[in-house]
Amino acid sequence: MPDSIPADSVGLVTPTSLQFTQPLELECGRRLDAYELVYETYGSLNKARSNAVLICHALSGHHHAAGYHSMDDKRPGWWDTAIGPGKAIDTNRFFVVALNNIGGCHGSTGPSSINPANGQPWGPDFPMVTVRDWVNSQARLADALGIEQWAAVIGGSLGGMQALQWAIDYPDRVRHAAVIASAPKLSAQNIAFNEVARQSILTDPHFHGGRYYLHDTYPRQGLILARMVGHITYLSEDAMRAKFGRDLRAGKFHFGFDVEFQVESYLRHQGETFSRNFDANTYLLMTKALDYYDPARDFDNDLEAALKQTRCRFLVMSFTTDWRFAPQRSEEIVNALVRVGRNVSYAEIDTDKGHDAFLVDIPEYLKLFGAYMHRVAVEVNDAAS
Amino acid sequence: MLRPDLEIIRTWIPDDTRVLDLGCGDGQLLENLRDTRNVHGYGLEIDQDNIAACFERGVNVIEQDIDEGLGNIQDKRFDYVVMTQALQAVHRPDLVLSEMLRVGREAIVTFPNFGHWKVRGYLFFKGRMPVSPTLPHQWYNTPNIHLCTVNDFEAHCRERGYRILQAMVVDRHHEIGPMTRAMPNLFGEIALFRVTR
């Protein structure tokens, strides 16, 4: 809980909710007749409406990207390291929009929302949504906010995939796309980890085929396991060694299966906290969206052909110890962009923080990110004046 | 104001071309070429302060170590591949030059001339590794691990069958005096070459 709001924070923020009644056709062939998107904004939109930046969230993210909801909040929004006055995404210069994606569990329409067809939670009946569907819904939000073109669409991990998809699907509506700690598609290993996470949820006796809401329960153990395995992939081996080593909680072996090593304690804690705050059906949907993501698929599996659609400038960043989406995966995007002659810049940040690094306060990373965004701000102001 | 050696290179590059700048530094050359010659370019750089400077100039820059090759870039992707004051600092200048001519139609390189009379005199009279304003490091900490002379470079081009399209040898103020013109390998401090295969 902050005693006072830090000077470089966007301060106290309140989410807004918007109803959309124009049906959204989904990639899976189904459609959502109506849906709600919850979002937050920081900073102010300039007269030319040219300084808007869209933040796309990753697997477990949401609309609360920066600032505090109340003075009782233990922590600020999930990307407070990068968003705020004077920060890399400078809210003195940009109008920042962060939303919760469809299928989410933080206020936007998702599996835990009520299905108007039967008055019960959607649960497993909620349609499968993809990165492309999210981008289409985000475009509707842009329309509603009167934003013709984003100064930048920015995201890390699964969020970076949305930024890339924006650049492909709406080339005239994106000036810059920042694709951080991301990949042009998942590897077999990535999908394998997601499948372990899903199976742990699907086989939890409290899952009830996804209708656990009706049984007033939820697949707690499944979510804990899913998060534990996921969390391992977010950290690097170096960071784990540095943080926990082989440290024992009680200083000696107990020769049993209770928590003994610090790393076990940490993972269980992470899993438990997550299980209390996240919906299992949403987790299933988000991991499938990750697995399905492959923009090249629409272009005969030719990534270059997909990227030929783009017109924006790209910033791609990766982290040395990220093994979930390793630097080589970012370089696949960079190399393809160079081959098709698109404007792209790339930096690889040296850190031991693994995949999670994109959320962490790493000075070299935020300096480079800030330098790039500074240029975006200058361009946007030139265009506006 | 563009750095003087970059100003010379700028005059060698025609309008509307595609340029790759190896070790592009703070992106001055690429920015200038973009603004004055409508050049579409990318820089490769490993220093993150320089990368940040390129970001602020809106110059495309990719973090990549030249010593690890240019294998990610397809043949003849660029019209010009430029490398200023870095040939002597790479692990294998011959391989880098060959890669430059694979990914580009022409290569432009600049390097300090180790054949300059002061360098020769330093070694001859002092018996120590030369230290000068163009070569300010000590033998043990110099990044310049593959120094060569103008004659060495020309011989290398002959051996490999590279054609020298343009050459200029200047003093450290990037000027050409009568002496540098007459005996470039003795009086030139910085050499600039444009070559093709």
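Refer to the preceding data block for the structure.
Residues numbered from 1 in each chain as written. Chains lettered and ligands numbered in written order. Predicted model: local features only at pLDDT ≥ 70, side-chain atom pairs only at ≥ 80, totals over all residues. Heavy atoms only, no water.

A. The arrangement of helix 2 (residues 158–169) of chain A in detail. For helix 2 of chain A, with 12 residues, the first-to-last C-alpha span of 16 Å sits near the 16 Å given by 1.5 Å per residue. Those residues of helix 2 of chain A not exposed but buried are Leu158, Gly159, Gly160, Met161, Gln162, Ala163, Leu164, Gln165, Trp166, Ala167 and Ile168 of chain A. (Helix = DSSP H or I, 4+ residues; strand = E, 2+ residues; numbered from the N terminus. Expected span 1.5 Å × (residues − 1). Buried < 20%, exposed > 50% of the residue type's maximum accessible area, 1.4 Å probe, protein only.)

B. Region of the structure containing unusual backbone geometry. For Asp300 of chain A, which is not a glycine, the phi torsion comes out positive at approximately 55°. In this fold, Asp300 of chain A is placed in the loop between helix 7 (280–292) and helix 8 (303–307). We note that Gln85 of chain B has phi near 55°; this positive angle belongs to a residue other than glycine. Mapping Gln85 of chain B onto the fold places it in the loop between strand 4 (78–84) and helix 4 (93–103). Given the relative accessible area of 28%, Gln85 of chain B is considered partly exposed.

C. Main features of the pairing of strand 8 (residues 95–99) of chain A. Buried residues dominate strand 8 of chain A, accounting for 5 of its 5 residues. Across the two faces of strand 8 of chain A the burial is the same, with Phe95, Val97 and Leu99 of chain A and Val96 and Ala98 of chain A all buried.

D. Broad picture of helix 4 (residues 220–234) of chain A. Residue and element names in this part refer to chain A. The terminal C-alpha atoms of helix 4, which comprises 15 residues, lie 21 Å apart, in line with the 21 Å expected from a rise of 1.5 Å per residue. For helix 4, the buried fraction is high: 11 of the 15 residues fall into the buried class. What helix 4 keeps buried is the set Gly222, Leu223, Ile224, Ala226, Arg227, Met228, Val229, Gly230, His231, Thr233 and Tyr234. Looking at the buried positions of helix 4, the neighbouring elements they touch are helix 3 (188–202), helix 6 (262–277) and helix 7. (Contact = heavy atoms within 4.5 Å.)

E. View of the interface of chain A and chain B. Taken together, the 23 residues of chain A in the interface contact 20 residues of chain B. When the buried area of chain A at its contact with chain B is split by residue, Val338, Leu368 and Arg375 of chain A rank highest and sum to 27% of it. At the boundary of chain A with chain B, the tally comes to 1 salt bridge. The residue Lys367 of chain A makes a salt bridge to Asp49 of chain B at a minimum N-O spacing of 2.5 Å. At the boundary of chain A and chain B, one finds 17 residue pairs in polar contact (both at pLDDT 80 or more). Looking at the side of chain A that touches chain B, the elements that each hand over two or more residues are strand 13 (313–319), helix 9 (327–339), strand 14 (344–349) and helix 10 (363–384) of chain A. Considering each element in turn, the side of chain A that touches chain B owes the most residues, 7 residues, to helix 10 of chain A. A class-by-class count of the residues in the side of chain A that touches chain B yields 11 nonpolar, 5 polar and 7 charged. (Buried area = accessible area lost by both parts, 1.4 Å probe. Salt bridge = Lys/Arg side-chain N within 4 Å of Asp/Glu carboxyl O. Polar contact = N/O pair within 3.5 Å; in protein donor to acceptor, adjacent residues only side chain to side chain. Nonpolar A, V, L, I, M, F, W, Y, C, P; charged D, E, K, R; others polar.)

The values are spatial; any link to function lies outside them.
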